[in-house]
Structure formats: C-alpha cells, structure tokens
Amino acid sequence: MTRRLKIAAAGAAGAAIIAAGAVPALAGEGAKDRPAVTHQQAAARGQLISARYLGTRSADEVRAWLATEGFDASSVRYGVDSYRLIYRTVDARGRATVASGLFVLPRNGERKLRTVSYTHGTTSYIADAPSMAQDVWGPGPAVTYGAAGFAAAAPDFLGLGEGPGVHPWKDVPTETSASLDMLRAARQFTLREHRALDGRVLVTGFSQGASSALGLARALQDGADPHFRLRAVAPISGGYDFGGAELPALLDGTVDPKTSVAYLSYLLTSWNRIHGGIYEQPSDIFKEPYASHVEKYFDGTTPGQVMLKGLPGTLGELLTPRGFEVLRHPSGTLAEALRVDGEVCTAWTPRVPVRLYKITNDDQAVTANTDHCAAAFRARGVDVPVVDVGDKVYGGSRHLGSNIAGTALAVRWFGGLR
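Residues numbered from 1 in each chain as written. Predicted model: local features only at pLDDT ≥ 70, side-chain atom pairs only at ≥ 80, totals over all residues. Heavy atoms only, no water.

Caption draft 1: Focus on the environment of Asp-363. In this structure, Asp-363 sits in the loop between β8 (356-358) and α12 (368-379). Polar side-chain contacts of Asp-363 include one of 3.0 Å to the backbone nitrogen of Arg-398. (Helix = DSSP H or I, 4+ residues; strand = E, 2+ residues; numbered from the N terminus. Polar contact = N/O pair within 3.5 Å; in protein donor to acceptor, adjacent residues only side chain to side chain.)

In structure tokens, the structure reads:
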C-alpha cells in the first residue's frame, strides 16, 4: 500500500496507508478532465500522445525536497526536469485505451541515458499517482533515479493519473503492458529532446509495483520490444505470493485488521471487475452498509481518507460468511487470478542480475512473499540474493520504510552495473 493517511488508532499504522487523497491534484485536473478514448485514437501501443512539463529542480533543490519526507539524497548528482506523458496502451481485455506516467530526465548534458523503470505501490485515488501527486512519496523514487543520472519512467498504471476508467488493481498483465508502453512513449519523447535512451532497462518497483517490475522484466527478457532489453531487476517488498503468503496473513490477523479490510476490499472489487465470477452483487460477500459503498471507494474518485473512514475496522464486520468462504477456499476465477499473479516468480527464469529487497517483519506485504519468490527462482536454478534493507520506518510502517531504504540501495546497485 502507499502512504497518504495516518490513522491514530493503535496498531493501525499499516492501514494508514492506502492512497488517501490528502494531497490535491494539480489545478484543473481530476476525473472529469481525464481524456476519453476511442479505438481510432489508440492505433499503436506506446505511441506518445502528449507531454506536459511539470517543472525543474536543481540538485540542491532535489536534496532538500527528498529530505522533507526522509528519502535518501546521497545519490543526487544532478538537477532534473519532470514531465507527465500520456500514451496509448491496452486495457485488461486488450482494448485500446490511454495511460499516463511520470518521466524524469537528469540535467547532466548526457545525450544517451541509462534507463530505469520504477513501478509504484498501491494507491486507490487518481491524484496520488506518480505524475499527479504533490508530495514526495509519489514521485520521489523516480526523481531519485533522475537526479542520479538515469532517465526514469514511472507509469501511473491504468485508471490512475490521467488514464480513463477504473484501476485494475493487482493485475500484473496490465501493469506490465502499461509499463512497457510507458517505456516506448518515453523513448519517443527523449528523441524529441535530442537525447536517447539506452535500451538496457534497469527495472524496479515497490509493493504492488514489485510484482509489476518482475512482470515487466519477464516481458523484456522475452523480447517484447526490439528497442529494449532487460539489464537487471530490483523489486522491493512485493506481495509476490498473494495466495500462499499474503492472503493467509490478511485472514489470520498477522496483518493489522484495518489494513486487511482495505486490501481485501480492493482485491475483491478489482478482480471481480476484471475477471468476474467472484460475486454477482456486492452484498453476496460484503455486509451492509459496506456493500452499498465498497465499489465506489475503489473507483479512483474517492480520497483515501474517505475510503478508510467508510470501511469497518475488522473483516468480521466487512464480510459475509460467503465472503470468508471465497477467500479461505479460492476457486474458479479467483484461484486462476491468484495463480497468474504468482507467475512473476514461478513461470520464468531470469538471465540477468536480480536482487529481491525486503524488510524484516514487514507489516503489510509479509516477508514470506519474498522468501517464497526466492525459493521459486531457486527451484528454477537461479540463486537470487535477498537483501534486507535494514530498520527503516515511514509513517509508522516498516513496509513503507522499505520503499525509501530499498530505493536508496537499488539506485546505488544500478549505478555500479556497467
């Protein structure tokens, strides 16, 4: 999950943190301003539609800005220019749509730039996507990479930022396609700026975006685009084994109850929208009064503060007996979706350097996720190093702290790879 809201209740720091919307969108932006899409508009995946200049920071300004939220500034060497790119991609059914993302370029005079893709953690509110957020948390990792000398592409994902529709949360296939198409759009924009991207992509991401990073890495290794190939992968604190590690922890009380309520509400509503077959009416699995509002909470237009306030504090208050049955014994489309989600670790064999970053006693994406992912790669003959990022807390959460600490480690590791 991502940071925006801090709940004062004891033990609820982890729940604090689904994208809340304490931060407004840029002036004049919002759901009503997001572009509608026709099939005629989206003829080619990755085609750049527009680029909006968001601002420039000097190296000193970047250091001071990162420090306001505890991000490590030791890798900052250059100032940066930031842009919001809007580009063509596809939705969960393969239909033409558009998406947006943050693109950060270093002000270092280099014509050819090493390329990083960073995919963000869970957010439920469109204005909290990297290209829209007015805080440090949302764009901070991309700016960190840009200020270290990389060209940094950070997709907002479908349905967030300026993309139309509802975000298909925890859907690795569309996260992968949105990330790949963001790289394609970034390449076009960089050429317009009389610069060029090095096609050897360094891939990273946090939490939800850690699985996305592995999805993109797999696609690049498989030759998804002739202009790009995979150089290295450094995901941070992912929920890689949602069925085997994360879901049990959400159900058995290992994860804070409010956090579990938010995650599972998002999962059930999102995956029912994408795959169907989980429920016909929300009241099949959600109790009232929550059944009448839960889908609205996760349609991208509800600030996280409102969403968290509207949801109950425990799963017992949220779910019907049928809801518990669905989660405790997944079958049908839910079981298949969990299998596909886990394939980021089980269905490919990396041929490049990989590091899995984790934090001990992760309060949201339990550490067993990373352990299971490393074991799956090991079973395929790849001994992937697991790196503990240390004891970092952000907003009362070790999980969120791992994004800051892991980004600091990954940017230095990427910088040493030649």
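The discussion continues.
Caption draft 2: Just the packing of aromatic side chains, in detail. Counted by the stated rule, this structure contains 15 aromatic pairs. With a centroid separation of 4.8 Å and 20° between ring planes, the pair formed by Trp-137 and Tyr-394 is classed as stacked. Of this pair, Trp-137 sits in the loop between β4 (112-119) and α2 (140-147) while Tyr-394 is found in the loop between β9 (386-388) and α13 (398-416), placing the two residues 257 residues apart along the sequence. A relative accessible area of 4% places Trp-137 in the buried class. Among the aromatic residues, those joined into a cluster by ring pairs are Trp-169, Phe-242, Tyr-263, Tyr-266 and Phe-298. Taking NZ or CZ as reference, Arg-57 lies 4.1 Å from the ring centre of Trp-65, over its face. (Phe/Tyr/Trp six-rings, centres within 6.5 Å; stacked < 30°, edge-to-face > 60°. Buried < 20%, exposed > 50% of the residue type's maximum accessible area, 1.4 Å probe, protein only. Lys NZ or Arg CZ within 6 Å of the ring centre and 35° of its normal.)

Caption draft 3: Here's a closer look at helix α4 (residues 208-221). Helix length check: α4, at 14 residues, gives a terminal C-alpha distance of 20 Å against a target of 20 Å (1.5 Å per residue), a fit within 8%. Most of α4 is tucked away: 13 of the 14 residues are buried. Directly after α4, the chain includes Gly-223, whose backbone phi takes a positive value near 85°. (Expected span 1.5 Å × (residues − 1).)

Caption draft 4: Focus on the state of the cysteines. Under the definition given, this model contains one disulfide. Cys-345 shares a disulfide with Cys-373; S-S distance 2.0 Å. Judged by the sign of its S-S torsion, about -90°, the cystine formed by Cys-345 and Cys-373 is left-handed. Within this pair, whereas Cys-345 is found in helix α11 (residues 332-346), its partner Cys-373 is found in helix α12, the two being separated by 28 residues in sequence. Here Cys-345 falls in the buried class, since its relative accessible area comes to 3%. Exposure remark for Cys-373: the relative accessible area of 1% places this residue in the buried category. (Disulfide = S-S within 2.5 Å.)

Structural measurements only, silent on function.
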